[in-house]
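Here is what each chain is made of, one letter per residue.
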Amino acid sequence: ENFIGDNSLKSNPISKSEISFKNAKLNNCDFSDSNFGDVSIFDNANFRGERSFLSNNSEFNKAFFNNVYFGNTLLFNGSTFKDIVIFNKCSNLSKTVGDFSGCTFRKNLFFDYSKFNDLTFKNVSFERNVSFANCIFNKITLNQILFEKVAFFDNIEILDLKLCSK
């Protein structure tokens, strides 16, 4: 496997166009404080390392994360998603800890058929529809969430309910 070493695009204003990391293999990516332009494509990417994928306080328009392996850490704290976001079929049930605290999702969000060890949403606003259909989690935390439209949790599976906040 050819993984590119520690990568940082921190505070990088990415141009108004399409940026693609499709099929990328990257270690310790830090995209924090970045603006991702019109379309961001991360389909089939593979992120590794202790800080697998960081994108705190970033701004996304359309973003696609289909079939992505996120490694240990997935952080989007304080980020804004202005258009549709798709995290379908992402998986790492044994390791990935994801945090979307303080995020705003202005358009539809899909996590369908994804598998995560631990996913956290605190102080999050979903302005349009959100779907977690057919997801599997060891633990999921939803705290101070605003669902302005429909939220789908069809066929969701939480493997350890004792770990979930009530």
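Residues numbered from 1 in each chain as written. Predicted model: local features only at pLDDT ≥ 70, side-chain atom pairs only at ≥ 80, totals over all residues. Heavy atoms only, no water.

### Here's the deal with the sheet that holds strand β2 (residues 18-20)
Sheet strands pair via backbone hydrogen bonds, and the direction of the pair is either parallel or antiparallel.
Phase 1: Reading across from one edge, β2-β4-β7-β10-β13-β15-β17 is the order of the seven strands in this open sheet, with parallel pairing throughout. Each having just a single partner strand, β2 and β17 (151-152) make up the two edges of the open sheet.
Phase 2: Here strand β15 (residues 130-131) runs beside β17; their pairing, made up of two bridges, is parallel. In the sheet register, Val130 faces β17, and the bridge partner there is Ala151. (Pairing = 2+ DSSP bridges. Helix = DSSP H or I, 4+ residues; strand = E, 2+ residues; numbered from the N terminus.)

### Some words on the pattern of salt bridges
Phase 1: Taken as a whole, this structure holds two salt bridges when the rule is applied.
Phase 2: For Glu59, the salt bridge identified is with Lys82, shortest N-O distance 3.0 Å. Linking Glu59 in strand β6 (residues 59-60) with Lys82 in the loop between β9 (80-81) and β10 (85-86), this pair joins segments that are 23 residues apart in sequence.
Phase 3: On the basis of relative accessible area, Glu59 is assigned to the partly exposed category, the value being 25%.
Phase 4: According to the relative accessible area criterion, Lys82 is partly exposed, its value standing at 32%.
Phase 5: Ionic pairing is found between Glu127 and Arg106, a salt bridge with its closest N-O pair at 3.9 Å. Here Arg106 lies in the loop between β12 (104-105) and β13 (109-110) and Glu127 lies in the loop between β14 (115-126) and β15, a separation of 21 residues in the sequence.
Phase 6: Exposure remark for Glu127: the relative accessible area of 22% places this residue in the partly exposed category. (Salt bridge = Lys/Arg side-chain N within 4 Å of Asp/Glu carboxyl O. Buried < 20%, exposed > 50% of the residue type's maximum accessible area, 1.4 Å probe, protein only.)

### A few points about unusual backbone geometry
Phase 1: Residue Asp33 is not a glycine yet carries a positive backbone phi of 60 degrees.
Phase 2: With respect to the element layout, Asp33 can be found in the loop between β3 (25-30) and β4 (39-41).
Phase 3: In the Ramachandran plot, Asn57 falls in the positive-phi region, its phi being about 55 degrees despite a non-glycine side chain.
Phase 4: Of the residues examined, Asn57 reaches a relative accessible area of 49% and is grouped as partly exposed.

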